[in-house]
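As a plain string of letters, each chain reads:
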Amino acid sequence: MQLPFAESFKIKMVETIQKSTCQEREQWIKEAKYNLFNLKSEQVFVDLLTDSGTGAMSDKQWSELMLGDESYAGASSYYKMKKAINDILGFPYFLPTHQGRAAENVLFSVLVKEGMIVPGNSHFDTTKGHIEFRKAKAIDCTIDAAFDTNQRHDFKGNVDLEKLEKVLTSYPLEKIPMIIMTITNNSAGGQPVSMQNLREVHELSRKYGVRVVFDSARFAENAYFIKQREAGYADKSIKAIVKEMFSYADAMTMSSKKDAIVNMGGFIGFKDEDLFKQASVFGIIFEGFVTYGGMSGRDMNALAQGLDEGTEFDTLDSRIQQTAYLGNQLKKFGVPMQEPFGGHAIFVDVKRFLPHIPKEEFPAQTLAIELYLEAGVRAVEIGAILADRDPVTRENRYPDLELIRLAIPRRTYTNNHMEYVAVALGNVFERRNEIKRGVKILKEAPIMRHFTVELERL
Ligand code: F0G
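The rules behind each value
Residues numbered from 1 in each chain as written. Predicted model: local features only at pLDDT ≥ 70, side-chain atom pairs only at ≥ 80, totals over all residues. Heavy atoms only, no water. Phe/Tyr/Trp six-rings, centres within 6.5 Å; stacked < 30°, edge-to-face > 60°. Helix = DSSP H or I, 4+ residues; strand = E, 2+ residues; numbered from the N terminus. Buried < 20%, exposed > 50% of the residue type's maximum accessible area, 1.4 Å probe, protein only. Domains from an automatic or database assignment. Contact = heavy atoms within 4.5 Å. Buried area = accessible area lost by both parts, 1.4 Å probe. Salt bridge = Lys/Arg side-chain N within 4 Å of Asp/Glu carboxyl O. Polar contact = N/O pair within 3.5 Å; in protein donor to acceptor, adjacent residues only side chain to side chain. Nonpolar A, V, L, I, M, F, W, Y, C, P; charged D, E, K, R; others polar. Pairing = 2+ DSSP bridges. Axes fitted to C-alpha atoms, helices over the stretch in contact; angles between N-to-C directions.

## Focus: the packing of aromatic side chains
Throughout the structure, instances matching the rule amount to 16 aromatic pairs. Between Y72 and F289, the ring centres sit 6.0 Å apart and the planes meet at 25°, which makes this aromatic pair stacked. In this pair, Y72 is assigned in the loop between α2 (59–66) and α3 (76–89) and F289 in the loop between α10 (273–286) and α11 (297–310), connecting sequence segments 217 residues apart. Classification of Y72 as exposed rests on a relative accessible area of 55%. Ring centres of Y224 and F225 lie 6.0 Å apart, and the angle between their planes is 80°; this geometry places the pair in the edge-to-face category.

What follows is the structure, given as structure tokens:
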């Protein structure tokens, strides 16, 4: 008999989580103005809001905390992180930042000016936010297959090269400061980008003389999918695949809260010393001196260790098999999802789950509320509320995909928790026709409204 899958770690410390009653949850979600970001964590039983900063560090990472050097300048922790970034990712220059969006802020302060165009594959919301905040425009060139949750495609994160070339030939090149490749493509469902696509985008970028920046939050998961799915990579190590991936980038931004498995941290990697120097000026203003940039020494140590562990096959295999486990359980209930399953999360296709709720009533948010009420499970809306309004017309943008995301923290929950979540959502799916109406917005912020939006149930 073939041995079943088992995680390649055991548990050394545990944290208690709390169950609640349906009546309590009714009350709490009402007080939270039907915005799941407003819930207190103890009001949540299984928290799948995000996989960002919510993972469990290893014993080796915790040991590294004790070795942190908190010197303001020239700390050994900085050099440890520098070595890890150079050895594992291949970037000789780097700037630490407190998280991923801070890396975007620092880098884009050099590169992005009013009226510019930034093509890429489904820019993450903070990335788009930093571009639009500077009165520039993000153009999504993701392949069409990404927007059809039924269509089987191994690399739904890919850029459509024709769409990209059209952008590169439609605007003056000095208006295009970079192409952004998000690996994995979070907004399209945690979908990977193939090595071939990264290589071809790089070739196009050389043809037109535009730099390529990788938004690398889940680069290691991307490498795992390349190993599993792309011809010629099955026998290569994750670290070798990662090296080749980054050989096609000029710079990278990183939210270390994902694949470097730390609770806080980020950085920018550069191959070009001149760009690094220009960015250092903004790094110092926004984040801190170049050798700590918003991070404490102990956290830089844990990050360096996390980069090493996070690019080990067994770590990734445990993680991505757990995501697939949740997906397969949900499939048994007939829940419609983005397939193939992504790396960090299961994305539920709400247009197919609640087809009778009109888009103006925010069906994905409606479903996230129902799932919370059912079982105290917190998911996140990746739909029209997150997509926000057009910066010019201020009209709601209704994206092609209306999803809820069940993001799985690394090394945190067991498969029993996954089973619990699957049954909870399965129950909601069974009573989906009793959900008659959605929600209405009462109050919203001018930008990035999803964090603070206040809602009312219709
Ligand atoms: N890029 C991607 C692809 C991301 O998923 C995120 C964060 C960021 C950049 C920004 O990084 O949070 O460290 O500032 N994603 C989180 C999520 C918030 O839940 O997907 P950050």
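## Notes on the domain arrangement of the protein
On domain assignment, one finds that the protein holds domain 1 (22–51 + 313–457) and domain 2 (59–310). One C-alpha centre belongs to domain 1, the other to domain 2, and the line joining them spans 26 Å. Contacts between the two partners involve 33 residues from domain 1, matched on the other side by 38 residues from domain 2. Buried surface at the junction of domain 1 and domain 2, both sides included, amounts to about 2700 Å², of which 54% is carbon and sulfur. Among the residues domain 1 hides against domain 2, the three largest losses belong to L316, P340 and R410. Together they make up 21% of the total. Applying the counting rule to domain 1 against domain 2 returns six salt bridges. A salt bridge links R319 to E221, with the nearest nitrogen and oxygen atoms 2.5 Å apart. The interface formed by domain 1 and domain 2 contains 24 residue pairs in polar contact (both at pLDDT 80 or more). For the side of domain 1 that touches domain 2, the elements supplying multiple residues, two or more each, are α12 (313–332), β9 (345–349) and β12 (403–407). Among the residues forming the side of domain 1 that touches domain 2, the class breakdown is 15 nonpolar, seven polar and eleven charged.

## Considering the sheet that holds β12
Strand order in the open sheet formed by three strands is β9-β12-β11, and the pairing between neighbours is antiparallel. Single-partner strands in this sheet number two, and they are β9 and β11 (380–382). Taking each pair of neighbouring strands and ignoring which way they run, the sheet shows an average axis angle of 35°. When β11 meets β12, the two strands line up antiparallel, connected through three bridges. Residue pairing for β12: V380 is matched across the bridge by R405.

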